[in-house]
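Tertiary structure, described
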Amino acid sequence: MNAYLRPAFAVVGMATLLCGLALPLGFTGVAQLAFPVQAHGSLLERDGKLIGSMLLGQQFTGDRYFHPRPSATTEADPAKPGSTRPAPYNAAASAASQMAPTSATLAKVLKERVAAEGAAPVPADAVTASGSGLDPHISLENAARQVARIAAARGLPEVRVRSLLAQHAEGRELGLFGESRANVLVLNLALDDLR
């Protein structure tokens with residue numbers, strides 16, 4: 001029996017050390033060297049203070065800022081056990097709303113959001129949440145619709161805000177995948193830097 005158990009434990013131990021320790025540490029080291037910003041979560045700091053990640057959306061509601069996509073994240077409602085309440089951009093609760101396209105509740109929410117956006121047509125990402133509820137990007141069309149409001153609130157010429165948007169526009173990944181977009185946190189930090 002011992003002749004069978006000793007090699008089996010040795011193989012399990014070696015596999016554990018190799019796959020559970022050496023390989024993850026090796027990949028972490030390569031990531032730290034090749035992509036240090038991304039390996040640490042693409043964090044943004046301002047004056048030595050952590051203000052967010054380029055990978056996670058944040059809620060901006062003031063007229064002076066670009067607004068992100070709606071967020072579908074929720075949290076447990078302490079007042080109603082077994083129920084949830086909205087918790088926009090809660091990274092600990094990343095998920096979609098789980099409402100079907102035929103949901104009456106979803107249809108009502110979308111109608112309210114479209115009405116709040118004003119004149120049609122409204123970009124889809126202005127009224128629909130992403131799958132994670134934490135998308136940090138908006139389409140350039142969505143961002144362009146917000147320029148007039150931001151310029152008026154900040155007392156800036158619209159052309160200056162449009163220029164800032166153009167400077168921070170991100171193209172398709174590898175020139176092929178996804179759509180052109182803008183990172184809301186990066187745009188809003190650039191807005192605050194305007195003098």
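Bear in mind the structure is a predicted one, so any value in this text is a computation, not a measurement. The written sequence of each chain sets the order in which its residues are numbered from 1. With pLDDT at 70 or above as the cut-off, local features in this predicted model cover only qualifying residues; side-chain atom pairs require 80 or more to be listed or tallied, and sums for whole chains, interfaces and linings still use all residues. The basis for every side-chain value is the complete set of heavy atoms in the structure, and neither hydrogens nor water enter the calculation.

**Structural notes on the overall build of the chain**
Each helix corresponds to a stretch of at least 4 residues labelled H or I by DSSP, and each strand to a stretch of at least 2 residues labelled E; elements are numbered beginning at the N terminus. When helices and strands are counted, the chain shows 6 helices and 7 strands. Going from N to C terminus, the chain has its helices and strands arranged as α-α-β-β-β-β-α-β-α-α-β-β-α. At 23 Å, the chain has a C-alpha radius of gyration far larger than the 16 Å of a compact globule built from 195 residues. Principal-axis analysis of the C-alpha atoms gives the chain an extent of 80 × 45 × 35 Å. C-alpha atoms define the radius of gyration, and 2.2 Å times the number of residues to the power 0.38 defines the globule rule.

**Considerations on the side chain of S130**
Relative to the helices and strands, S130 is located in the loop between α3 (104-117) and β5 (137-139). What qualifies as a polar contact is a pair of N or O atoms within 3.5 Å, subject to a donor-acceptor requirement within protein and to the restriction that residues adjacent in sequence count only when both atoms come from side chains. Of the polar contacts made by the side chain of S130, one reaches the backbone nitrogen of D135; its length is 3.4 Å. Throughout, a residue-residue contact means that at least one pair of heavy atoms, one from each residue, lies within 4.5 Å. With residues up to four places along the chain from it excluded, the contact list for S130 reads R69, P70, A96 and D135.

**Concerning the domain arrangement of the chain**
Annotation comment: domain bounds sourced from an automatic or database domain assignment. The domain architecture assigned to the chain consists of domain 1 (2-35) and domain 2 (43-193). Put simply, the middle of domain 1 and the middle of domain 2, counted by C-alpha atoms, are 42 Å apart.

**Here we look at helix α1 (residues 2-34)**
Here α1 is 33 residues long and its end C-alpha atoms lie 46 Å apart, about the 48 Å a rise of 1.5 Å per residue gives. Note on bend: at a given residue it equals the angle between the axes fitted to the 7 residues ending there and to the 7 starting there. At A22, α1 shows its strongest bend, of approximately 30°, with the proline P24 following within four residues. In this scheme, a helix's expected span is set at 1.5 Å multiplied by one less than its residue total.

**Some remarks on the pattern of salt bridges**
For side chains bearing opposite charge, pairing can occur when the charged atoms are close. When a carboxyl oxygen of Asp or Glu is within 4 Å of a side-chain nitrogen of Lys or Arg, the pair counts as a salt bridge. As enumerated under the stated definition, the model contains 9 salt bridges in all. As a salt-bridge pair, R181 and E170 come within 3.7 Å of each other at their nearest N and O atoms. Of this pair, R181 sits in strand β7 (residues 181-183) while E170 is found in strand β6 (residues 169-170), placing the two residues 11 residues apart along the sequence. For E179, the salt bridge identified is with R172, shortest N-O distance 3.6 Å.

**Examining the sheet that holds β5**
Spatial ordering of the open sheet is given by β5-β7-β6, a layout of 3 strands whose pairing is antiparallel. In this open sheet, the two edge strands, each paired with only one partner strand, are β5 and β6. Only when DSSP finds a minimum of two bridges between them are two strands counted as paired. As paired strands, β6 and β7 are joined by 2 bridges and run antiparallel to one another. For A169, the partnering residue across the bridge sits in β7 and is A182. What counts as an axis is a line fitted to C-alpha atoms, over the stretch in contact for a helix, and the angles between N-to-C directions run from 0 to 180 degrees. Along the sheet face, helix α4 (residues 140-154) touches β5, β6 and β7 and points at about 85° away from the line of β5. In the packing of helix α6 (residues 184-193) onto the sheet, contacts are made with β5 and β7, and the angle to β7 comes to roughly 65°.

**Some points on the packing of aromatic side chains**
Each Phe, Tyr or Trp ring (for Trp, its six-membered ring) is paired with any other whose centre lies within 6.5 Å, and the angle between the two planes then decides the class: stacked below 30 degrees, edge-to-face above 60, tilted in between. Per the stated rule, a full pass over the model turns up 1 aromatic pair. Geometrically, the ring pair formed by F60 and Y65 is tilted, given 5.5 Å between the ring centres and 40° between the ring planes. With relative accessibility at 16%, the residue F60 sits in the buried group. To sort residues, take the accessible area from a 1.4 Å probe on protein chains only and compare it with the maximum for the residue type: under 20% means buried, over 50% means exposed, and anything in between is partly exposed. Assessed through its relative accessible area of 22%, Y65 is described here as partly exposed. The rule is short: NZ of Lys or CZ of Arg within 6 Å of the ring centre and within 35 degrees of the ring normal puts a charge over the ring. The ring centre of Y65 lies 5.0 Å from the NZ or CZ of R154, which sits over that ring.

**A short note on the nonpolar core**
The set of buried Ala, Val, Leu, Ile, Met, Phe, Trp, Tyr and Cys residues whose side-chain atoms join them within 4.5 Å is what this entry labels a nonpolar core. Counting residues in hydrophobic clusters, the biggest one holds 19 residues, and the most contacted among them are F66, V161, L165, L187 and L191. Within the residue set of this core, elements represented by two or more residues are α4, α5 (158-167) and α6. In terms of residue count, the dominant contributor to this core is α6 (6 residues). If we ignore the near neighbours within four places in the chain, the residues touching L187 are F66, L164, L165, H168 and A182.

**Some remarks on the pairing of strand β2 (residues 49-53)**
For strand β1 (residues 43-46) and β2, the ladder comprises 4 bridges, and the chain directions are antiparallel. By the bridge assignment for β2, L44 is matched with G52. The antiparallel hairpin formed by β1 and β2 contains 2 residues in its connecting segment, where D47 sits at a positive phi of about 55°.

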